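What follows is the residue order along each chain.
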Amino acid sequence: MKSKISFNNKILIYVLFFVMVLLFDRLFNPVSIDNITLVSGIGIDVGDSGDIKLSVQVLVPNASQGSSGANVSTKVITTQSEALLDAMYDIEKETGNTLVWSHCTVVLMSDEFMSEDIMPHIELLYRSYKFRDSAWMLVTKNDPQKMLESDMVYEDISAFGIQHLMTSAQRRANAVILNLKSFIEAYYSEAECCLMTELGVTEESENMCLASAGVIKKGRLVGFLTESQIRGYCLVNHSEISEAFMMIHDYTPVNSRDKMDVGISVYRLKTKVKPYISDNGVTIKIRIRGETEIKSSTGSLVGINAPKDILDAENENMKKAIADMFIEKIREAYGGMRLFDGDYMGIYNLFYDKYPNEPLEEILKDFDENHLSFDIDVDVRSANFNSSYK
């Protein structure tokens, strides 16, 4: 009996050793870059007969191009199929290589494709171990295939150029941004609503740019916000804005009756949002502190040699105009929720974090922009006329 156990143990050791050798060879044996294809971005549209049209921008490293390093060529491969998974397999068959989806940085979808619930398709990407959940998600009114095939001023690879636009907006906190993971979280939240960046094209140079923002409710595109609503959303939902440009229209200086437009940049803008429930109803208090700088105007503002009382009066007048502009944009952002019947401002989650045991659906059913209170204080400086109004 003792020798039988010893024999079985030897067999087990041999089997384990053989498996370990196979795994070691599989994990550490390098794969030639000629046998893989890196995916940098994908575009999803509606194809013929309602099929899914998948456009994949691929990077093809070629190690044989000189001694200075790998030469990368790019191309966009397009296929159509009834299901997204089948289309992905078709792309792999066409390239003849193993597709590396983990390098995909951009998921660009047409507004027509997003007119229906996209969650069954997007969840496939999210649940796949091959796909990165940090990939940026964007909607476009243009053809995603043509957008991926376009060149950008500062980047030959369009997907990387789009990524640059998104990361820059994320750093400055002056635009709507959404990645795959955030979309999934919003879909399964109480609000079932979020905003998605729209990728557009500038009229002057036809370069790609971040345009509006689409309102996504239950996985479906229901409309687009105005520029003013987007600014209001960013003022409330980004706790700190490092840089943004805004216009004050029809501004009237203290020493003139002529109205003008004034362009301002905001810096280090910090926002605190607090919800309150009382006997008088619900209120959201919004407190904004920061710095602003006048960049341009269509008329004459107070000069540096003006008397101190005039400078002080102009300073207070400009601060009030900026605060009024902020309030107007924030009210428009909250007011848009009624139009789209979607809580893209995150009101429910805001109140739930503080009042988890309250019947919030009943309490918040009549919430609108009239339930907001504001406390806004900004410093005003001028880059063109004088160093400071103060």
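Residues numbered from 1 in each chain as written. Predicted model: local features only at pLDDT ≥ 70, side-chain atom pairs only at ≥ 80, totals over all residues. Heavy atoms only, no water.

Asker: Requested: an account of the packing of helix α2 (residues 84–95) against helix α3 (residues 119–127), with residues and values cited.
Answerer: Two numbers describe how α2 lies on α3: the axes approach to 9 Å, and their chain directions differ by 55°. In terms of orientation, α2 lies oblique with respect to α3. Seen from α2, the contacting residues are L84, L85 and M88; seen from α3, they are H121, L124 and L125. Across the contact of α2 with α3, the residue classes tally to 5 nonpolar, 1 polar and no charged. (Axes fitted to C-alpha atoms, helices over the stretch in contact; angles between N-to-C directions. Helix = DSSP H or I, 4+ residues; strand = E, 2+ residues; numbered from the N terminus. Parallel < 35°, antiparallel > 145°, perpendicular 65-115°, else oblique. Contact = heavy atoms within 4.5 Å. Nonpolar A, V, L, I, M, F, W, Y, C, P; charged D, E, K, R; others polar.)

Asker: Tell me about the pairing of strand β9 (residues 220–224), residues and numbers included.
Answerer: Across 4 bridges, strand β8 (residues 208–217) lies against β9 in antiparallel orientation. Each residue of the ladder has a partner; that of V215, found in β9, is G223. Taking the residues between adjacent antiparallel strands as the criterion, β8 and β9 are bridged by 2 residues, where K218 takes a positive phi near 50°. (Pairing = 2+ DSSP bridges.)

Asker: Residue-level account of a positive patch on the surface, with values.
Answerer: On the surface, a cluster of positive charge is made up of K270, K272, K274, K285, R287 and K354. Residue assignment for the positive patch shows that the elements contributing at least two residues are β11 (260–278) and β12 (281–297). When its relative accessible area of 41% is taken as the criterion, K354 is described as partly exposed. (Patch = residues over 30% accessible without salt bridge, like charges linked within 9 Å, V, L, I, M, F, W, Y side chains within 5 Å. Areas by Shrake-Rupley, 256 points an atom, 1.4 Å probe, with all protein chains shown as cover. Salt bridge = Lys/Arg side-chain N within 4 Å of Asp/Glu carboxyl O. Lys, Arg positive; Asp, Glu negative; His and termini not counted. Charge placed at Lys NZ, Arg CZ, Asp CG, Glu CD. Buried < 20%, exposed > 50% of the residue type's maximum accessible area, 1.4 Å probe, protein only.)

Asker: Break down helix α8 (residues 308–340) for me, with residues and values.
Answerer: Between the first and last C-alpha of α8 there are 48 Å, a value that for 33 residues agrees with the 48 Å anticipated at 1.5 Å per step. Note on α8: the residue one or two positions beyond its end, D341, has a positive phi of about 50°. (Expected span 1.5 Å × (residues − 1).)

Asker: Give a detailed account of the environment of S256, specifying residues and quantitative values.
Answerer: Residue placement: S256 occurs in the loop between β10 (240–251) and β11. Overall, S256 belongs to the partly exposed group, its relative accessible area being 25%. Residues S256 and L301 lie 45 residues apart in sequence; the distance between their C-alpha atoms is 8.8 Å. Among the polar contacts made by the side chain of S256, one reaches the main-chain amide nitrogen of D258 at a distance of 3.0 Å. (Polar contact = N/O pair within 3.5 Å; in protein donor to acceptor, adjacent residues only side chain to side chain.)

Asker: Describe the environment of Y251, with residues and values.
Answerer: By secondary structure assignment, the location of Y251 is in strand β10. Residue Y251 is classed as buried on the basis of its relative accessible area, which comes to 4%. For the pair Y251 and G299, spaced 48 residues apart in the sequence, the C-alpha separation amounts to 9.6 Å. Beyond its immediate stretch of four places on either side in the chain, Y251 contacts D258, K259, M260, V262, L301, E314, N317, M318 and A321. A polar side-chain atom of Y251 sits 2.2 Å from a polar atom in the side chain of E314.

Asker: An account of the side chain of H238 is requested, with residue identities and associated values reported.
Answerer: Residue position: H238 is located in the loop between α7 (227–237) and β10. For H238, a relative accessible area of 15% corresponds to the buried category. From its side chain, H238 meets the backbone oxygen of A173 in a polar contact 2.8 Å long. Setting aside residues no more than four positions away along its own chain, H238 makes contact with A173, N174, A175, Y233 and T271.

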